[in-house]
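Listed here are the chains, written in short residue letters.
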Amino acid sequence: VEGCCWWGRGVIQTTGVCNFGKLNYYLGARAKKEGRSTPYSDIDFCKDPEAICSTKKYPELKWIAGMLYWMADVQKYVSGGWNYMEELRKFVDGGYKDRGFIDAVSGIVNRGCHNPPCGTGAVDGQGERYDNFMKTLTAFGLLGDSAEVEDRGSKKMACGATYATSSCDNPCESNLDCKGGTFCYNDVDCSKKEKV
């Protein structure tokens, strides 16, 4: 089941051997094998990772898998002086307006760190993640009638080996659009970058 079968699935894109293993340990066939009660005892997520999205018997699995990841990896995240639960409290107490919190959580979910680019690169679609987060807060009535989605104006997504070397001449929507050794960086200020 190596390779393509570990690609992301579900609402937060459960990805990799470790995350499918956790899902199986807590909720799948391994839980049953070790004597723990589980509603998904008939699914071995390590042998059938596609079950997260393909089973008609358990359509909620895509949400359950996302919630498990959120609880195990995001809510418990503490690294380099950044603590998710402390930062969440600040974000809520500050009226849900700290862009840094939204970007940090996007980094944790997409790249495994709160301050990307990490070893795996920049956050894919960071600007869109921010916009969607603000729309969600508005839908829940947490920002009043309409969210003030940040106007990124001349800020674009562009490829580069680092953020500083990213070029507005190399636009991108994801890392897949960039040549080897470069990543797609969000919010590159194209008004200040001079063409070389």
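Preceding this section is the structure that the text describes.
Residues numbered from 1 in each chain as written. Predicted model: local features only at pLDDT ≥ 70, side-chain atom pairs only at ≥ 80, totals over all residues. Heavy atoms only, no water.

Novice: Even after reading the chapter, I still don't get the environment of Ile108, so can you show me in this structure?
Specialist: One can find Ile108 in helix H6 (residues 99–111). With relative accessibility at 2%, the residue Ile108 sits in the buried group. For the pair Ile108 and Tyr84, spaced 24 residues apart in the sequence, the C-alpha separation amounts to 9.6 Å. Contact partners of Ile108, with chain neighbours within four places excluded, come to Tyr69, Asp73, Val74, Tyr77, Trp82, Cys113 and His114. (Helix = DSSP H or I, 4+ residues; strand = E, 2+ residues; numbered from the N terminus. Buried < 20%, exposed > 50% of the residue type's maximum accessible area, 1.4 Å probe, protein only. Contact = heavy atoms within 4.5 Å.)

Novice: It is not clear to me how the packing of aromatic side chains should be interpreted in this structure. Could you clarify?
Specialist: In this description, a pair of aromatic rings is defined by centroid distance and the angle of the planes. Scanning the model with the defined rule gives nine aromatic pairs in all. Measuring from centroid to centroid gives 4.9 Å for Tyr40 and Tyr58, while their planes differ by 90°, and the two rings are edge-to-face. Note that Tyr40 is positioned in the loop between helix H2 (29–33) and helix H3 (51–54) and Tyr58 in the loop between H3 and helix H4 (61–74), a separation of 18 residues in sequence. The pair formed by Tyr40 and Tyr58 is uniform in burial state, with each residue classed as buried. Put simply, the rings of Trp70, Tyr77, Trp82, Tyr84, Phe91, Tyr96, Phe101 and Phe133 pair up and form one aromatic cluster. Above the ring of Tyr25, the side-chain terminus of Arg36 is found at 4.0 Å from the ring centroid. For Arg99, the ring lying beneath its charged end belongs to Tyr130, and the centroid distance is 4.1 Å. (Phe/Tyr/Trp six-rings, centres within 6.5 Å; stacked < 30°, edge-to-face > 60°. Lys NZ or Arg CZ within 6 Å of the ring centre and 35° of its normal.)

Novice: Honestly, the pattern of salt bridges in this entry has me stumped. Any pointers?
Specialist: When the charged atoms of two side chains lie near each other, side chains of opposite charge can form a pair. With the rule as written, the count across this model stands at seven salt bridges. Taking the shortest distance from any N to any O, the salt bridge between Glu34 and Arg36 comes out at 2.9 Å. Glu34 gets classed as partly exposed once you look at its relative accessible area, which sits at 38%. On the accessibility criterion, Arg36 (28% relative accessible area) is partly exposed. A salt bridge links Asp103 to Arg99, with the nearest nitrogen and oxygen atoms 3.0 Å apart. With Asp103 and Arg99 both in helix H6 and four residues apart, the pair spans about one turn of that helix. (Salt bridge = Lys/Arg side-chain N within 4 Å of Asp/Glu carboxyl O.)

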